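Here is how the chains run, residue by residue.
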Amino acid sequence: MGSEDYIVYVVDDDLRMREALRELFTSLEVQSVAFGSVAEYVEFAKPDLPACLILDVELPDISGLDFQRQLRDAYHPPIVFITGHGDIPSSVRAIKEGAIDFLAKPFSQPDLIAAIDAAIARDRHARVERVELARLQQRYSSLTPRESQVLPLIVSGLLNKQAAAKLGISEVTLQIHRSRIMQKMEADSFADLVRMAGQLNIAITRRKQ
């Protein structure tokens, strides 16, 4: 498990728990930082590394579950909840909101390590997706206004002549725009272009049957 290319954050107001986890991670050669409150965690300058957040449910400033909800629309490391006061509704809520696991204290080392491994794997995947999305957004920004109008029409399945008619341009001009879009988006195939449009959440005009 030991690695220098990811980090584990611990937020727990129990000093003994923080120390125990830090000792565990040190023995496993895993980078970790522990905090006694959410406020301390938020203020910490985090390195650009895949990460896991081990979060206690009961905290002095805000409950772990409420903090998870606040993070819903923002990037954050996958969460592994730990608690000494676990209950089924709380665990169900945590998992529905995207938590990796909900571990009741005292939890076993294998269970904790398995949850952390799953969290790091998810974060690595999310990071790859964010990098790919940023590249797609950069390519999309290179399209001209007219090409940006053409793209949703062609990926919706319209024939060239149908898309051209909607825009009031010739079919030949439409084909030129289509070719330039493929080049600028670096799409290997039409199916690839459709996938890219989906990743960019480009509104697609559904073809009438």
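A. How the structure looks around helix 9 (residues 190-199). Within helix 9, the full set of buried residues consists of Asp192, Leu193, Met196 and Ala197. Down the axis, helix 9 shows its buried residues gathered within 140° of arc, on one side only. Lining the buried residues of helix 9 we find helix 5 (109-141), helix 6 (145-155) and helix 8 (171-185). Remark: Asn201 follows helix 9 within two positions and exhibits a positive phi of approximately 55°.

B. Structural context of the layout of surface pockets. For the largest pocket, the calculated volume is near 150 Å³. Surrounding the largest pocket, 14 residues form its lining, His76, Pro77, Pro78, Gly98 and Arg122 being those nearest its centre. Of the residues forming the lining of the largest pocket, the biggest block, four residues, is contributed by helix 5. For the lining of the largest pocket, a count of residues per class yields six nonpolar, three polar and five charged.

C. Representation of the pairing of strand 4 (residues 79-83). Judged by how many residues are buried, strand 4 sits mostly within the fold: five of five residues are covered. Of the two faces of strand 4, the one lined by Ile79, Phe81 and Thr83 and the one lined by Val80 and Ile82 are each fully buried. Strand direction decides the pairing type here: strand 3 (residues 51-56) and strand 4, joined by four bridges, are parallel. The residue bridging Leu55 from the neighbouring strand is Phe81, located in strand 4. Handedness of the crossover joining strand 3 and strand 4 through helix 3 (residues 64-70): right-handed. In this structure, strand 4 lies alongside strand 5 (residues 101-104), joined through four bridges in parallel fashion. Within the sheet, the bridge partner assigned to Ile82 lies in strand 5 and is Leu103.

D. Up close: the packing of aromatic side chains. As enumerated under the stated definition, the model contains seven aromatic pairs in all. Between Tyr9 and Phe44 the ring centres are 6.2 Å apart and the planes differ by 70°, which places this aromatic pair in the edge-to-face class. One end of the pair, Tyr9, is in strand 1 (residues 3-11); the other, Phe44, is in the loop between helix 2 (38-43) and strand 3, with 35 residues separating them in the sequence. With a centroid separation of 6.1 Å and an interplanar angle of 85°, the aromatic rings of Tyr41 and Phe67 are classed as edge-to-face. Of this pair, Tyr41 sits in helix 2 while Phe67 sits in helix 3, and the two are 26 residues apart along the sequence.

Reading the values: the criteria
Residues numbered from 1 in each chain as written. Predicted model: local features only at pLDDT ≥ 70, side-chain atom pairs only at ≥ 80, totals over all residues. Heavy atoms only, no water. Buried < 20%, exposed > 50% of the residue type's maximum accessible area, 1.4 Å probe, protein only. Helix = DSSP H or I, 4+ residues; strand = E, 2+ residues; numbered from the N terminus. Arc of directions from axis to C-beta. Contact = heavy atoms within 4.5 Å. 1 Å grid on protein atoms, 1.4 Å probe; cavity = no way out; pocket = protein on both sides within 12 Å on 5 of 7 lines; lining within 4 Å. Points joined across faces, edges and corners; volume = space filled by probe spheres on them. Nonpolar A, V, L, I, M, F, W, Y, C, P; charged D, E, K, R; others polar. Pairing = 2+ DSSP bridges. Right-handed = clockwise from strand over helix to strand, strands pointing away. Phe/Tyr/Trp six-rings, centres within 6.5 Å; stacked < 30°, edge-to-face > 60°.

In short, geometric facts, not functional conclusions.
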